[in-house]
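Read off the chains here:
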Amino acid sequence: SRGGAAASSGASWAAHSDDLRNIAAAAGVAVAGLSLVGQATRDNQIAVSTIGLTYGENADAMVEFANEIQRTTNFSNDAALEAANIASTLARNYGFTFQEIQQVLTLSPDLAATTGYSLQSATERVTAAIRGEAESAEKLGLTMNQQAIDRENLTLTMSNEEAGHFRLQAAI
């Protein structure tokens, strides 16, 4: 009968319509996913490029160090690269060596994990603490105020660079 065929055709069209909506939704999710992957790749390329500019001949070693952080912690190498870029201010402004930056980057994931901060935030706080900002250290559970780390007030007679190195040794 024609009525049955029309009803069947309508039901079939409704099923196809639902299928098309599902396919369109899946395609939208796929496009959004590809966009995120593309953005993540671009962000990584920028971070690696910045590492190259900042660390020069040690750039490849820093990228490998970031990969090691990913292998040994819960943090990604992208987060580690960003943290390395954050810590680079210590090299530029306080004369920290590549090895000292690695010490900062070894300390930061541990403090991030115990405090719940992101690796980047913990690294910002560690670098601030090394510059002498005691409040940043306290937020990470470190006691690095003048009285606690320097009872003889030696850092008061030091340059900012020397005091920064002294604070790093107190932190590790």
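Located above this text is the structure these notes cover.
Residue positions are given per chain, counted from 1 along the sequence in the order it is written. Selection of residues for local features in this predicted model requires a pLDDT of at least 70, selection of side-chain atom pairs for listing and counting requires 80 or more, and totals for whole chains, interfaces and linings are taken over all residues. Values reported for side chains reflect all heavy atoms of the structure, with hydrogen atoms and water molecules removed beforehand.

Q: So what exactly am I meant to see when it comes to the overall build of the protein here?
A: Per the secondary structure count, the protein includes 8 helices and 0 strands. Runs of H or I in DSSP of at least four residues are treated as helices and runs of E of at least two as strands, each being numbered from the N terminus. Going residue by residue from the N terminus, the α and β elements of the protein occur as α-α-α-α-α-α-α-α. Each residue's exposure class comes from its accessible area (1.4 Å probe, protein chains only) as a fraction of the maximum for that residue type: buried when under 20%, exposed when over 50%, partly exposed otherwise. Among the 172 residues that make up the protein, the fraction classed as buried is 34%. Carbon and sulfur atoms provide 53% of the accessible area of the protein, an area that totals close to 10,100 Å². The Shrake-Rupley method, run with a 1.4 Å probe, gives the accessible areas here. Residue values count only the displayed protein chains as cover.

Q: Explain the pattern of salt bridges to me, please; I cannot follow it from the model alone.
A: Two side chains bearing opposite charge may form a pair once their charged atoms approach each other closely. The rule for a salt bridge is simple: a side-chain nitrogen of Lys or Arg has to be within 4 Å of a carboxyl oxygen of Asp or Glu. Under the definition given, this model contains 4 salt bridges. Of the charged contacts, one joins Arg71 and Glu68 as a salt bridge, the two residues approaching to 2.9 Å between their closest N and O atoms. You can see Arg71 and its partner Glu68 sitting in helix α2 (residues 59-72), 3 residues apart, about one turn around the helix. A salt bridge links Arg131 to Glu133; its shortest N-O distance comes to 3.1 Å.

Q: Honestly, the environment of Asn85 in this entry has me stumped. Any pointers?
A: Structurally, Asn85 is set in helix α3 (residues 77-94). Looking at Asn85, the relative accessible area reads 18%, which means it is buried. For the pair Asn85 and Gly52, spaced 33 residues apart in sequence, the C-alpha separation works out to 10.0 Å.

Q: For this particular structure, what's the right way to read the packing of aromatic side chains?
A: Working definition: an aromatic ring pair is given by the centre-to-centre distance plus the angle between the planes. Stacked, edge-to-face and tilted are the three classes for Phe, Tyr and Trp ring pairs, Trp counted by its six-membered ring, which pair at centre distances within 6.5 Å; planes under 30 degrees apart are stacked, over 60 edge-to-face, the rest tilted. This model, assessed by the stated rule, comprises 1 aromatic pair. Aromatic pair Tyr55 and Phe98: ring centres 6.2 Å apart, planes at 75 degrees, arrangement edge-to-face. Taken together, the positions of Tyr55 in helix α1 (residues 2-55) and Phe98 in helix α4 (residues 98-115) put the pair 43 residues apart, joining distant regions of the chain. Each member of the pair Tyr55 and Phe98 is classed as buried.

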